[in-house]
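Fold and contact review
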Amino acid sequence: MNEENAKIAKIKKGCHAGKVVSNVIFIVAIVGFIASVASGIWILAMGKDFDVMISQAEAAGYIESTNNPTSFSVLEISSSKIAQNITSDVPAIREALNDHPQSILYGTWIIVMSFCIIIAAVLIKLIGSVFAMAEKEDTPFTDKIRKRVTIILGIMSALLIFTTGAIYGVLGFLITWVVNLVLDYGKTLQIQSDETL
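Now for a look at the structure at hand.

Calculation notes
- Residues numbered from 1 in each chain as written.
- Predicted model: local features only at pLDDT ≥ 70, side-chain atom pairs only at ≥ 80, totals over all residues.
- Heavy atoms only, no water.
- Helix = DSSP H or I, 4+ residues; strand = E, 2+ residues; numbered from the N terminus.
- Expected span 1.5 Å × (residues − 1).
- Buried < 20%, exposed > 50% of the residue type's maximum accessible area, 1.4 Å probe, protein only.
- Salt bridge = Lys/Arg side-chain N within 4 Å of Asp/Glu carboxyl O.
- Axes fitted to C-alpha atoms, helices over the stretch in contact; angles between N-to-C directions.
- Parallel < 35°, antiparallel > 145°, perpendicular 65-115°, else oblique.
- Contact = heavy atoms within 4.5 Å.
- Nonpolar A, V, L, I, M, F, W, Y, C, P; charged D, E, K, R; others polar.
- Core = buried A, V, L, I, M, F, W, Y, C linked by side-chain atoms within 4.5 Å.

A few words now on helix H1 (residues 2-46). For H1, with 45 residues, the first-to-last C-alpha span of 65 Å sits near the 66 Å given by 1.5 Å per residue. Taken together, the buried positions of H1 are Ile8, Cys15, Gly18, Ser22, Ala29, Ser36, Gly40, Ile43 and Met46. Phi turns positive, to about 60 degrees, at Gly47, one or two residues after H1.

The next thing to look at is the pattern of salt bridges. Pairing between side chains becomes possible if they bear opposite charge and their charged atoms approach one another. For the coordinates displayed, the defined rule picks out 6 salt bridges. Here Lys19 ties to Glu135 by a salt bridge, and the two come within 3.0 Å at their closest N and O atoms. Of this pair, Lys19 sits in helix H1 while Glu135 sits in helix H5 (residues 101-136); the two residues are 116 residues apart in sequence, bridging distant segments of the chain. Of the charged contacts, one joins Lys187 and Asp143 as a salt bridge, the two residues approaching to 2.9 Å between their closest N and O atoms. One end of the pair, Lys187, is in helix H7 (residues 166-196); the other, Asp143, is in helix H6 (residues 143-163), and 44 residues separate them in sequence.

With that settled, consider the packing of H6 against H7. For any two helices packed against each other, the geometry is given by the interaxial angle and the distance between the axes. It is the contact of H6 with H7, at a shortest axis distance of 7 Å, that shows an interaxial angle of 175 degrees. In terms of their interaxial angle, H6 and H7 are classed as roughly antiparallel. On H7, the residues that touch Asp143, Arg146, Val149, Thr150, Leu153, Gly154, Ser157, Ala158, Leu160 and Ile161 of H6 are Ala166, Tyr168, Gly169, Gly172, Phe173, Thr176, Val179, Asn180, Leu183, Asp184 and Lys187. Looking at side-chain class alone, the contact of H6 with H7 contains 10 nonpolar, 7 polar and 4 charged residues.

In this structure, Cys15, Val130, Met133, Ala134, Ile145, Val149, Ile152 and Leu183 together form the largest nonpolar core, which totals 8 residues. Among the elements of the structure, H5 and H6 are those that each provide at least two residues to this core. Among the nonpolar cores identified, the runner-up in size contains 6 residues, and Ile43, Met46, Phe50 and Ile110 belong to it.

Here it is, written out as structure tokens:
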């Protein structure tokens, strides 16, 4: 029994460390989200000045671009193709797209990426909640912890499908299934151990 208590104490200590680290990462992610939204809005507000700045940096050799200075790729989507196909019936938007397309493209891209940061922050907070839950419980093999871990790993596996590809997502779901089975087995062993006392 002393060995079991020592191992549970180690688990609680590790969960405490995981909770602290995930809280720090969560705070950094929130700061990153705020900074990226503010940067995106700032670039949009700069308008033509941003486009001029990019052109000057390109002419000075500080940055390089392929055929289009607004070309970058996110999730296999080429922004240069999007920029060429954006149209609007609103005269002010149409004028802005013609006058300073780089400002609009980069500002919008940064704001969209900030939402990826906030999604990561929410996942990190959920992971931290699992650590906090495991630290408080007498044993890490409870239904509450098992469900939360399964949900978090399932969400992360789904995100893998959309970001890195189906192979990694399927592997993530396989890992989720195995971890769920291990936690279920641990719960069964914990129940048997408690009954023998």
